[in-house]
Amino acid sequence: MCGIVGYVGTKEVTPILLDGLTRLEYRGYDSAGIAISAGDELVVRKTKGRLAVLKDLVQGDTGVSGNVGIGHTRWATHGEPNDVNSHPQESRSGKFVVVHNGVIDNYLELKNKLLRHGYEFISETDTEVIAHLIEYYYKGDILDTLIRVQNKLEGSYALGVLCADAPDQITVIRKDSPLIIGECPHGKIMASDIPAMLKYTRDFYELGEKETAVLTKDSITFYDINKEELQKDTFHVDWDIDAAEKGGFEHFMMKEITEQPRAVTDTISPHIRDGKVFFEDLPLGFDKFYITACGSAYHAGIIGKNIIQQLARISVETELASEFRYANPIITENTLVIIVSQSGETADSLAALRYAKDKGAATLAIVNVVGSSIAKEADYVIFTNAGPEIAVATTKAYSCQLAVFYLLAIHLGTERGTIDAEHAARLLDELKEIPAKIEKILGDKEQVQFLASRHYAAKDVFFIGRGLDYAAGLEASLKLKEISYIHSEAYAAGELKHGTIALIEKDSLVVAIATSEKLFDKLMSNVMVVKARGAQVLGLTWEGNGIESTCDFALYIPKTEDVFTPSLSIIPLQLFSYYVASMRGLDIDKPRNLAKSVTIE
Ligand code: M6R
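A quick note: this is a predicted structure, and the numbers were derived from the prediction, not measured.

Caption draft 1: Broad picture of the overall build of the chain. When helices and strands are counted, the chain shows 18 helices and 27 strands. Its C-alpha atoms give the chain a radius of gyration of 25 Å, within 12% of the compact-globule value 25 Å for 601 residues. Reported as C-alpha extents along the three principal axes, the dimensions of the chain are approximately 80 × 55 × 45 Å. The buried share of the chain, taken over its 601 residues, is 61%. The long-range fraction of contacts in the chain, counting pairs at least 24 apart against all pairs at least 6 apart in sequence, stands at 71%. When the accessible surface of the chain is summed, it comes to about 22900 Å², and 46% of that surface belongs to carbon and sulfur atoms. Each charge sign in the chain was given a centre, from 62 positive and 84 negative side chains, and these centres are 3 Å apart.

Caption draft 2: Region of interest: the sheet that holds strand 27 (residues 553-557). With parallel pairing, the 5 strands of this open sheet are ordered in space as 24-23-25-26-27. The sheet is open, and its two borders are formed by strand 24 (487-492) and strand 27, each paired with just one other strand. On average, adjacent strands in this sheet sit at an angle of 20° to one another, irrespective of strand direction. Note: strand 23 (residues 460-465) against strand 25 (residues 509-513), 4 bridges, orientation parallel. Within strand 25, the residue paired with Phe463 across the bridge is Val511. Against the sheet, helix 16 (residues 468-484) engages strand 23, strand 24 and strand 25, with an angle of about 175° to strand 24.

Caption draft 3: Broad picture of unusual backbone geometry. Here the bond from His87 into Pro88 is cis, since omega is 0°, no more than 30 degrees from zero. Within the element layout of this structure, Pro88 appears in the loop between strand 4 (68-74) and strand 5 (89-90). If you check the backbone angles, Asp274 has positive phi at about 50° while not being a glycine. Relative to the helices and strands, Asp274 is located in the loop between strand 16 (272-273) and strand 17 (276-277).

Caption draft 4: Structural detail: the site of the ligand. Of all residues adjacent to the ligand, which total 14 residues, the nearest are Ser341, Gln342, Ser343, Thr346 and Glu482. Contact between the ligand and Val392: a nitrogen atom at 3.1 Å from a main-chain N or O atom of the residue. In this structure, an oxygen atom belonging to the ligand sits 2.9 Å away from a main-chain N or O atom of Thr394. Looking at the shell around the ligand, the elements that each hand over two or more residues are helix 9 (295-312) and helix 16.

Caption draft 5: Examining the sheet that holds strand 21 (residues 362-367) more closely. A sheet is described by the order of its strands in space; here 5 strands give the open sequence 19-18-20-21-22, paired in parallel fashion. Two strands in the sheet have a free side with no partner beyond their single neighbour: strand 19 (315-320) and strand 22 (380-383). Between one strand and the next, the sheet's axes are offset by a mean angle of 20°, whatever the strand orientation. Sheet topology places strand 18 (residues 288-293) next to strand 20 (residues 335-341); 6 bridges connect them, and they run parallel. The residue of strand 20 that forms the bridge with Lys288 is Thr335. Contacting strand 18, strand 20 and strand 21, helix 11 (residues 347-358) crosses the sheet at an angle of about 165° to strand 20.

Caption draft 6: Broad picture of the nonpolar core. Ranked by internal contacts, the top residues of the largest apolar core, which has 94 residues, are Ile338, Phe405 and Leu408. Here this core takes 13 residues from helix 13 (residues 396-416), the largest share from any one element. Not counting chain neighbours up to four residues away, the residues in contact with Phe405 comprise Ile291, Ala300, Gly301, Gly304, Ile307, Ile308, Ile338, Val340 and Ile366. Leu17, Leu18, Ile34 and Ile180 belong to the second largest nonpolar core, which has 27 residues in total.

Caption draft 7: Main features of the environment of Ser373. Among the secondary structure elements, Ser373 is positioned in helix 12 (residues 373-377). Each C-alpha atom of the pair Ser373 and Ser343 lies 9.0 Å from the other, and the pair is 30 residues apart in sequence.

Caption draft 8: Inspection of the packing of helix 8 (residues 260-268) against helix 13 at higher detail. Two elements in contact, helix 8 and helix 13, have axes whose closest approach is 9 Å; the angle formed by their N-to-C orientations is 35°. Seen along the crossing, helix 8 lies across helix 13 with a hand that is right-handed. On the side of helix 8, the interface is formed by Gln260, Ala263, Val264, Thr267 and Ile268, while helix 13 contributes Lys396, Ser399, Cys400, Ala403, Val404 and Leu407. Broken down by class, the residue content of the contact of helix 8 with helix 13 amounts to 7 nonpolar, 3 polar and 1 charged.

Caption draft 9: The arrangement of helix 2 (residues 51-58) in detail. By the burial criterion, the buried members of helix 2 are Leu51, Leu54 and Val58. End-on view of helix 2: buried residues confined to an arc of 55°, all on one side of the axis. Close packing links the buried residues of helix 2 with helix 1 (13-24), strand 2 (31-38) and strand 3 (41-48). Positive phi appears at Gly60, one or two residues downstream of helix 2, with a value of about 75°.

Parameters and conventions
- Residues numbered from 1 in each chain as written.
- Predicted model: local features only at pLDDT ≥ 70, side-chain atom pairs only at ≥ 80, totals over all residues.
- Heavy atoms only, no water.
- Helix = DSSP H or I, 4+ residues; strand = E, 2+ residues; numbered from the N terminus.
- Rg over C-alpha atoms; globule rule 2.2 N^0.38 Å.
- Buried < 20%, exposed > 50% of the residue type's maximum accessible area, 1.4 Å probe, protein only.
- Contact = heavy atoms within 4.5 Å.
- Areas by Shrake-Rupley, 256 points an atom, 1.4 Å probe, with all protein chains shown as cover.
- Lys, Arg positive; Asp, Glu negative; His and termini not counted.
- Charge placed at Lys NZ, Arg CZ, Asp CG, Glu CD.
- Pairing = 2+ DSSP bridges.
- Axes fitted to C-alpha atoms, helices over the stretch in contact; angles between N-to-C directions.
- Near = heavy atom within 4 Å.
- Polar contact = N/O pair within 3.5 Å; in protein donor to acceptor, adjacent residues only side chain to side chain.
- Core = buried A, V, L, I, M, F, W, Y, C linked by side-chain atoms within 4.5 Å.
- Left-handed = near helix turned anticlockwise from the far one by under 90°.
- Nonpolar A, V, L, I, M, F, W, Y, C, P; charged D, E, K, R; others polar.
- Arc of directions from axis to C-beta.

Have a look at this one:
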């Protein structure tokens, strides 16, 4: 996730762009840049680092003066954060300059085509491909060209484009990434998000899917994919700037929960080609995996172990990163150690990575932050494209980690022949449906809110499940305790009787995660046992599997293949934790004693 901004009007553009980018920095902050239309040339200034570095760079720079410009604050996806990979990206002749928020899935294919036509690339970004592609198709009309280029792009994009031949306009185009346009008394403004524009206007247009708009000082003209002109109405926003940064939500955590469908799509789509999973350069000849990580990333790893073993029949061990180097793991040259981390900076995970490399293992990092230490030091990296996660309690990064494990398991299973092509295709089809199913769960928050209102004063909460449901319970339990401060434990349901059942008393809340058809009956027996000790049971199962007669309360998720249930069951449980913490009046985004990135061992 990145932030883009653009302005055309009568005011000096640089302060407006920098101000807008300041408001978008929450969307990405590893590098930033601006491009200004200055007569018949386009002037670009960009740099690695936070926006403050860019502000210092352009301070007193007389070259960046004008009334038309675009800006970008980056959250790296393709290529590490450095000056060259920063946006804006320029075309070969410098006639076109582009800022981009999104991920181009087919950028390699397009890049190869352009390479064959003699184009050279200086960055590792997917955006440079767009800049060159515009130049390749340009025949004198930037609007026609962008509409044509749009047909070649797969993935998500919101683009702001400057063309030296049309120095008084900005052309914007989008699909699956947001782009809002505002009308202010002295010109027109556009951005990825409303906060960047609130200082200038409160009335906005939303650019629709695959629509294009041309912004000049005096006009905004909208076009559909066939270049038919569109009429649009504005919408009005009353939010204050702080609320706007959170997209109108009260907390970043809720904003990030609702971003999960997009984040999962952006994570899986770059690795799906021609109906198959694809990973560039990822070797296969390993006979043993370790998965090591901390906190929620470790919980994702437990699910990863289960599904890789099920689908690819490779032996996988999970180990907490803080324990890995003391556990004397058995590592050979055929061992792959997978390190999972949102931040890529967690000290214990980094230490586990270094230990594994030292012992001769190959290492694969599943990381959200491009350019982070773990991403740089691992032999292979798969990025979760969740975008910046600000709330301490992870939600969207965790969901994306699961998505990567599904891709890996399907890929390995196919390559090793442990699942046949038909099975792999069925799983992949279902994986592609997961974002829509998450969206469906998010569309029905009221029931979760109601249940939270019944239980927010609980002293202890137990999550029980079997197999993947148990693994999902570990994450649900961590979510609840870290933001609500309620004592909570997750237990493999069959293990309760070996001790923990002693803690169950009248009105203890037990959340029974029962999404596996195979294990459903067994789990219901465990439910009967805790109910007999007076527990109140909240059952979570698939739609159509009425459990009101067995459980005191019920939550439902859409039906999916058993292996994918953790991606769905966690969503209402994230919401449950959120609402419980909210009803307890707690600081949800910054829970006590915790930090977003734990850089001490
Ligand atoms: O950045 P990482 O994924 O390496 O962080 C690992 C844990 O610190 C993290 O998942 C932590 O458990 C979260 N606060 C859970 O919500």
